[in-house]
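Chain by chain, the residues run as shown.
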Amino acid sequence: MSENTARRKFLGEYADGQSTANTGQSLLEHDGDELIIRSLETNEERQRWQFQEVEIEVGPGISVLRHKVLTGQQFICHDPEMPHIFKKQNPALTHGFHLKQTHLAIGLVIVFFGLVALIWLSANTAAQFVALRVPAQWEQSLSSKLNEYVTKSSCESVEANRVVGKILARLVGQRQLQFDVKIKISNSPDVNAFALPGGVILLNRGFLQQVNSPEEVAAVLAHEIQHVEQRHVMSTVIRASFIAMVWSVIFGDMSSFIMVDPGLIHSLATTSFSRQQEASADLGGLKMLDEAGISRQGFKDFFLKISKSIEGKGSDWATLINSHPSSSTRMKMIGSEPFRESRPKIAEEGEFAALKNPCNLKI
Amino acid sequence: MQPDIQQDQSSTQEFYRFQFFGQGMDFFVIMLKNIILTIFTLGIYHFWAKVNSRKFLWQNMEFASSRFLYTGTAIELLIARLKFFGIVAVAVLIVALISMGGLGETVGMLVGGLIYFAFFLCVPYLIIGAWRYRLSRTTWKGIQLGMMDCGKEYTMSFIGGYILTILSFGLYYSKWSHDLYRIPCENIRMGTLRFKYTGKPWDLLVPCIKAFFLTIFTLGFYIPWFVAEMARYRASHTFIGSETNGFARMQCKLTGGQILGQVLLQYLLIVFTFGLALPWVIINNLNFFCENIFFQGKLDFSNIQQSNLARPGALADGIGDALDIGIG
C-alpha cells in the first residue's frame, strides 16, 4: 500500500453515544494500527481507536465503524473506498451486506427462478415418493374427518347407490385393493368426480346426469380408483403442503400452520392432479375395464367428449379435466375401434335411469 | 401544556427534513439475495434477511442531516421465533392433554378457542412491543430511540375503542383513532427529546362523519382525501423537543390527490412487473414521505443526552412476524 493511500482521510459523522454535544462532522485517518478521529471544524482529536477494537458494517453507500468496547461510539462514512482501504490494512475487519453489481443482480434473478423451477419440478416426484410410503391407515384416518365434510353435501338414493356399488364390484372383481373404496354421490350440479384421501370417491350429481351409458360411469370410476390405488391423492396433499410450507418459509408467514380444518384438506385433495398422474390413471383404468370385461367405448366416449369440450372452452366439463392428457394422446392410449361390447351388461336400462337421477330430483 | 412553538412564529424557525438516499437497484439486490438464501437455508436466513432489509432502510434515511442506524441482530429475532414456538407448543400440549384426558374433546376445543382468542387480544400489545423493540434498536447521532412501556394503555384503548366504535355506529371512531395515535406518539423518546401531541379527541368527528357519507357516495374514492386530512391534522398537532432543546412542529403537505396518485402508481408498478418492482415501490413511498413530512421550529440538536430507556426483547416483533400481523 502506498503512503498516500495509507494516510488518506475520510469525512464522516462521529458520535460518542452519550450526548450530541460531542457529535459532528469529523475526519478519520489511520496511523499504523490506530484510527484517529478529529473534529472537522477545529482539527481537535476526538478519539483514537486501535484497529482490532473496531468492527465495520458496510452497506450500499454507507459504512459504519463501531467501537467494540466503548458502546455507542461510531463513525459513519459515505466514502465507498473506506472499507476497501481498511480491509487491506486489516483483512479480518470488514463484514457487511454490500452488494451492488448489476450483473450480480441478474445472476441472482436467474438463480432464483432456477430454484423455483427446481422446487416445482421436484415437488411431484418427491411427493409421490413420500406418498407411497405413507401407511394406508394414516390416509384413512385423514378421511374420517373428511367424511363428515363430504356427508353434508351428499344425497341419498338407495337404487342409485346400489347400481354404483354393482359397477364398483364388477370393476374390482378379485383384486386386493389397498383401500376399502367408498363411493359417495354429491348433490352438486358441477360435472365432476374426485378421488379423496382414504379411498373415498365422490361423484357429482351433475356428472351422472351428463353420462350417456353405464360404461361411461365405469370408465370414470376405474380412472378414479387408479388415483386412489396409486396414492395420487396423498401425493397431491403432500405436494400442496410442501409448496405451502416453502412459501411460508420464504415469506415468513407461519399463520397457516395454526389453522388445519377439513375444508382445507378438501381443497388440497381436490386440487388437480398432474398430467402424468392423469395419464397413469388412464392406463390403469383401461386395464381394469379390460379385466372386468367392460367395453372401452364408454372410456372413449366420455373422455373424448370432455377433451373436445375443453378445446371448445367455457363448458362445465372443464373443471374435470383441466390437467388431463390431450385427446390425441388419449386416442393412442385407448387403441383403435371396434371395441367389444361389455359382457355381461353392466346395468339394465332401469338401473341406468336411476343412476341418471341420483338425488331423486323431480325432472 | 402547549409547547412554545405555538407562540413562537418568528423568522428564526428552521426546517428539519427527512431525506432518503437508498437506490432501488441496491434494495432489489438485497431482497433477491434474502429470498435465495432463505430458500437455500430452509428459512433460517429469514431473520438475517429481515435485519439486512431494515439496516438498508434505516441507514439510508436521514433526518436533519444525520442518518438513522439499525442495531438489531438476527440472533435476537431467531431466539424470539424459538420462544414463540415454545409458547405454541405449550398451548397445543394443553389442548391435547385436555382432549385426550378425562375432560373430553369439547372442553379441549373450548380451551383451544380461548387460547386463540387470547392471542387476538394480545395483538395491540404485540404492536406496541414490536415498535418498542425496533425503536430501541435505532440510533440517530449515536442517541438511542425508544418508547416507554404503554402496551397496557394502548391495548385497553384499542379493545375498548373497537367495541365503542361498533356500538356507536362509528361515532366513537374520532376518539378511538385519536387515542391510537396519541398513546404511542407521546411515549416515543429520542434521548432527552420527546414527542408531544396536542390534538383533541373530537376535533375530527365532523370530518369522520363527512368521510363516512362521501366514501359511500364516491364508492371509496374519497378515502385518500380523508387520510390526507387526518394526516395534516395529526402532523400540525405533533411536536418534538424538550424544555431545554426547544420544540419543532411536524408539518404535512399531503393532499388527497397525491395519495390517490401514489396508490395508483404503486398498484400499476406491482401488477405490471409481477411484483419485481416492489423494492422501487418501497423506496418511492419513502421518498414520498420525505417530500411531504418535515418539522419546523427551533430545535437545538447539539445537546441531546442519551436516555436510560430499557431495551426490550424481540419477542413481540418475532410473534408479529410469525403470525404476519402486519405491524409494518
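Residues numbered from 1 in each chain as written. Chains lettered and ligands numbered in written order. Predicted model: local features only at pLDDT ≥ 70, side-chain atom pairs only at ≥ 80, totals over all residues.

With respect to the interface of chain B and chain A
Operational definition: Remark: residues whose backbone-derived C-beta atoms lie within 7 Å of one another are considered to be in contact. The numbering of helices and of strands both runs from the N terminus, where a helix is a DSSP run of H or I of at least 4 residues and a strand a run of E of at least 2. Three categories are distinguished: nonpolar for Ala, Val, Leu, Ile, Met, Phe, Trp, Tyr, Cys and Pro, charged for Asp, Glu, Lys and Arg, and polar for the others, with Gly belonging to the last.
On the side of chain A, 34 residues touch chain B, which itself brings 36 residues to the contact. Taken together, the elements giving at least two residues each to the side of chain B that touches chain A come down to α1 (24-40), α2 (46-59), β3 (66-70) and α12 (315-322) of chain B. For the side of chain B that touches chain A, the per-class residue count stands at 17 nonpolar, twelve polar and seven charged.

Thoughts on the sheet that holds β3 of chain B
Residue and element names in this part refer to chain B. The following threshold applies: Two strands form a pair only when DSSP identifies at least two bridges running between them. Axes here refer to lines fitted to C-alpha atoms; in helices the fit is confined to the stretch in contact. Angles between the N-to-C directions go from 0 to 180 degrees.
Judged by pairing direction, the barrel is antiparallel, and its ten strands sit side by side in the order β1-β2-β3-β4-β5-β6-β7-β8-β9-β10 before closing back on the first. Strand-to-strand, the axes of this sheet are offset by a mean angle of 30°, without reference to chain direction. Pairing of strand β2 (residues 61-63) with β3, which is carried by two bridges, proceeds in the antiparallel orientation. Across the sheet, Phe 63 pairs through a bridge with Ser 66, a residue of β3. Strand contacts of α2: β2, β3 and β4 (138-140), with the helix running at about 165° to β3, the strand carrying the most contacts.

Description of the confidence of the model for chain A
In plain terms, the rule: Here pLDDT means the predictor's own confidence in every residue, given as a number from 0 to 100.
A residue-level look at chain A finds 75% of positions with pLDDT of 70 or above and a mean pLDDT of 76. Low confidence marks residues 96-100 of chain A, where pLDDT is under 50. Its contacts with residues over four positions away, or in another chain, come to 18 contacts.

A few points about the sheet that holds strand β10 (residues 193-196) of chain A
Residue and element names in this part refer to chain A. Strands sit in the order β9-β11-β10 across an open sheet of three strands; the sheet is mixed. The open sheet has two free edges, formed respectively by β9 (182-186) and β10, since each of these has just one partner strand. Taken over all neighbouring pairs, the strand axes of this sheet differ in orientation by 20° on average, direction set aside. This element, helix α7 (residues 214-229), spans β10 and β11 (200-204) of the sheet and lies at about 25° to β10.

Observations concerning the packing of helix α5 (residues 123-136) of chain B against helix α6 (residues 151-167) of chain B
Residue and element names in this part refer to chain B. We apply this condition: Note on terminology: angles under 35 degrees are roughly parallel, angles over 145 are roughly antiparallel, angles of 65 to 115 are roughly perpendicular, and the others are oblique. Should the near helix be turned anticlockwise from the far one by less than a right angle, the crossing is left-handed, and should it be turned clockwise, the crossing is right-handed.
It is the contact of α5 with α6, at a shortest axis distance of 8 Å, that shows an interaxial angle of 140°. As summarised for this structure, α5 and α6 are arranged oblique, according to the angle between their axes. The handedness of the crossing between α5 and α6 is right-handed. Two secondary-structure elements touch here, α5 through Pro 124, Tyr 125, Ile 128 and Gly 129 and α6 through Gly 151, Tyr 154, Thr 155, Phe 158 and Ile 159.

Regarding the pairing of strand β5 (residues 54-59) of chain A
All names here are of chain A. The sheet contact formed by β5 and strand β6 (residues 62-67) spans six bridges and is antiparallel. Paired with Ile 56 across the two strands is Leu 65, which belongs to β6. Hairpin remark: β5 followed by β6, antiparallel, with two residues in the connecting loop; positive phi at Gly 61, about 80°.

Details of α6 of chain B
All names here are of chain B. Spelled out, the test is: Expected helix span is taken as 1.5 Å per residue step, with the number of steps being one fewer than the number of residues. Three classes are used. A residue is buried when 20 or more other C-beta atoms lie within 10 Å of its own, exposed when 12 or fewer do, and partly exposed in between, with C-beta atoms placed from the backbone. In this description, the arc belongs to the directions extending from the helix axis to the C-beta atoms.
In this model, α6 (17 residues) spans 24 Å end to end at C-alpha, consistent with the 24 Å of a helix rising 1.5 Å per residue. Listing the buried residues of α6 in full gives Gly 151, Tyr 154 and Phe 158. Along the long axis of α6, the arc covered by the buried residues comes to 65°, so they all point the same way. In α6, the exposed residues that point more than 90 degrees away from the buried face are Lys 152, Ile 163 and Leu 167. Residues of α6 that are buried in the fold lie against α5 and α7 (173-187). Following α6 by one or two positions, Phe 169 adopts a phi angle in the positive range, close to 55°.

What to know about the packing of helix α5 (residues 158-172) of chain A against α7 of chain A
A pair of packed helices can be characterised by two numbers: the angle between their axes and the separation between those axes. All names here are of chain A. α7 packs onto α5 with a crossing angle of 60° between their chain directions and a minimal axis gap of 10 Å. Judged by the angle between their axes, α5 and α7 are oblique. When the axes of α5 and α7 are compared, the crossing they make is right-handed. Two secondary-structure elements touch here, α5 through Ile 167, Leu 168 and Leu 171 and α7 through Pro 214, Val 217, Ala 218, Leu 221, Ala 222 and Ile 225. Broken down by class, the residue content of the contact of α5 with α7 amounts to nine nonpolar, no polar and no charged.

Overview of the environment of Ala 49 of chain B
All names here are of chain B. Mapped onto the elements, Ala 49 comes out in helix α2. Sequence separation between Ala 49 and Ile 30 is 19 residues; the distance between their C-alpha atoms is 8.2 Å. Discounting residues that sit within four places of it in the chain, Ala 49 has contacts with Asn 34, Leu 37 and Thr 38.

A short note on the confidence of the model for chain B
In regions of low pLDDT, the predicted coordinates are not meant to be interpreted in detail. Residues of chain B with pLDDT of at least 70 account for 94%, and the chain-wide mean is 89. At the level of chain-chain contacts, confidence expressed as ipTM amounts to 0.80, with global pTM at 0.67.

Points about unusual backbone geometry
For Lys 141 of chain B, which is not glycine, the phi dihedral falls at a positive 55°. Relative to the elements of secondary structure, Lys 141 of chain B occurs in the loop between β4 and β5 (143-147).

Here we look at the nonpolar core
The criterion, for reference: Put simply, a nonpolar core is a cluster of buried Ala, Val, Leu, Ile, Met, Phe, Trp, Tyr and Cys residues tied together by C-beta atoms within 7 Å.
Counting residues in each nonpolar core, the largest one holds 43 residues, and the members touching the most others are Ile 167, Ile 201, Ala 218, Leu 221, Ala 222, Leu 289 and Leu 355 of chain A. Ranked by residues supplied to this core, first place goes to α7 of chain A with eight residues. Counting 22 residues, the second-largest nonpolar core is a separate cluster that includes Phe 47, Ile 127, Ile 128 and Ala 316 of chain B.

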